[in-house]
Amino acid sequence: MTERTPLIAGNWKMNLGGAKGCELAEAVARAAQAHPNVDVVVAPPSTVIAAIAQISEENGKKLEVAGQNLYPKSDGAFTGEISAPMLLEAGAKWVILGHSERRQYFAESDDFVREKVAASLAAGLRPIACVGETLEEREAGKTLEVVNRQVDAFASLLSEQPGFGVIAYEPVWAIGTGKVATPEQAQEVHAAIRARLRETLGADVAEKTRILYGGSVKASNAAELLACPDIDGALVGGASLDAEGFAKIIQAAG
Ligand code: PEP
């Protein structure tokens, strides 16, 4: 079985886009250096990507930076948007795509997420592509149907460079709600996603693709989630805004 390096990614959302973000990044960079066997990424607002990439440079480069979104054209008349080459030039190595907040508030479809994953890969930016069911879909017994549909939309793109892209399973009902999926619930879906990758794209892609869990991960529940065989890391929202708590999650992955 392929060893997958654990990955802990912090999604800061629309928070800490200035000096406070840089302070937090300094602390996270130190925590990342202390745990060299864990890959650590933060996704700050675009306004501080370049500054945080610089902080990473000055602190051993163990911390990597992600964008939270991109527009799937490289440049042009798309007011307010940011492209994959621009994120790369600012110092990002990753980008979060298809987050449920983007799907919900900005009506991003599976097809659009696929376009974005394609644009990130074409530029050499590593996608963290998010999938997950709503509470209504879970209660209707549609979790795997929804998650498979979302994964199928972009998965074939990941097969060109197995392991370069990452999938994040984030049940919508667990995001920012304090309601975390049980390790059993999360492992069941992670195993199903890996099985789907194996079935559609082969064992190499399935074994090399890291699948992160996201949804109310915090220092107190990280270890039991990360102990599950198909959970390769975490995408952390609220708890990534606190240096000490996020460092504990990194430690739990190590
Ligand atoms: C997220 O938004 O990606 C997330 C997982 O948020 P939280 O950890 O706050 O639930």
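Described in the following lines is the structure provided in the data block. (Residues numbered from 1 in each chain as written. Predicted model: local features only at pLDDT ≥ 70, side-chain atom pairs only at ≥ 80, totals over all residues. Heavy atoms only, no water.)

Along its length, the protein chain carries eleven helices and eight strands. Taken over C-alpha atoms, the radius of gyration comes to 17 Å for the protein chain, in line with the 18 Å a tight globule of 254 residues would show. Overall, the protein chain is about 45 × 45 × 35 Å in size when its C-alpha atoms are taken along their principal axes. Looking at the protein chain as a whole, 52% of its 254 residues qualify as buried. Restricting to contacts in the protein chain with at least 6 residues of sequence separation, those with at least 24 account for 73%. When the accessible surface of the protein chain is totalled, it reaches about 11000 Å², and 51% of it is carbon and sulfur. (Helix = DSSP H or I, 4+ residues; strand = E, 2+ residues; numbered from the N terminus. Rg over C-alpha atoms; globule rule 2.2 N^0.38 Å. Buried < 20%, exposed > 50% of the residue type's maximum accessible area, 1.4 Å probe, protein only. Contact = heavy atoms within 4.5 Å. Areas by Shrake-Rupley, 256 points an atom, 1.4 Å probe, with all protein chains shown as cover.)

On to the site of the ligand, then. Contacts to the ligand come from 14 residues, most closely from Lys13, His99, Glu170, Gly176 and Ser216. Contact between the ligand and glycine 176: an oxygen atom at 2.6 Å from a main-chain N or O atom of the residue. Residue serine 216 places a main-chain N or O atom 2.7 Å away from an oxygen atom belonging to the ligand. Relative to its free-state accessible area of 290 Å², the ligand is covered by the protein chains to the extent of 96%. (Near = heavy atom within 4 Å. Polar contact = N/O pair within 3.5 Å; in protein donor to acceptor, adjacent residues only side chain to side chain.)

Enumeration according to the criterion identifies one cavity of 30 Å³ or more in this entry. For the largest cavity, the calculated volume is near 30 Å³. Gly98, His99, Ser100, Arg103, Cys130, Val131, Gly132, Gln150, Glu170 and Val172 together form the lining of the largest cavity. If you list the elements that add at least two residues to the lining of the largest cavity, you get α4 (100–105) and β5 (126–131). For the lining of the largest cavity, the class distribution of residues is three nonpolar, five polar and two charged. (1 Å grid on protein atoms, 1.4 Å probe; cavity = no way out; pocket = protein on both sides within 12 Å on 5 of 7 lines; lining within 4 Å. Points joined across faces, edges and corners; volume = space filled by probe spheres on them. Nonpolar A, V, L, I, M, F, W, Y, C, P; charged D, E, K, R; others polar.)

Attention now goes to the sheet that holds strand β7 (residues 210–214). With respect to topology, eight strands assemble into a closed barrel ordered β1-β2-β3-β4-β5-β6-β7-β8, the strand pairing being parallel. Recorded for the sheet is a direction-independent mean angle of 25° between the axes of neighbouring strands. The sheet contact formed by β7 and strand β8 (residues 233–236) spans two bridges and is parallel. Of the residues in β8, the one forming a bridge with tyrosine 213 is alanine 234. The sheet contacts of helix α1 (residues 19–34) involve β2 (39–43) and β3 (63–67), and relative to β3 the element is tilted by about 130°. (Pairing = 2+ DSSP bridges. Axes fitted to C-alpha atoms, helices over the stretch in contact; angles between N-to-C directions.)

Okay, the pairing of β2 next. Taking burial as the measure, the five residues of β2 include four buried ones, the bulk of the element. As paired strands, strand β1 (residues 7–11) and β2 are joined by five bridges and run parallel to one another. For alanine 9, the partnering residue across the bridge sits in β2 and is valine 41. Handedness of the β1-α1-β2 crossover: right-handed. By the bridge criterion, three bridges tie β2 to β3 in an arrangement that is parallel. Looking at the pairing, valine 41 lines up with glutamate 64 of β3. Between the parallel elements β2 and β3, the chain passes through helix α2 (residues 49–58) in a crossover that is right-handed. (Right-handed = clockwise from strand over helix to strand, strands pointing away.)

Another aspect to go through is unusual backbone geometry. Look at leucine 16: it is not a glycine, yet its phi comes out positive at around 55°. Take leucine 16: it is sitting in the loop between β1 and α1. With a relative accessible area of 25%, leucine 16 lands in the partly exposed category. Phi is positive for alanine 107, close to 50°, though the residue is something other than glycine. Here alanine 107 lies in the loop between α4 and α5 (110–123).

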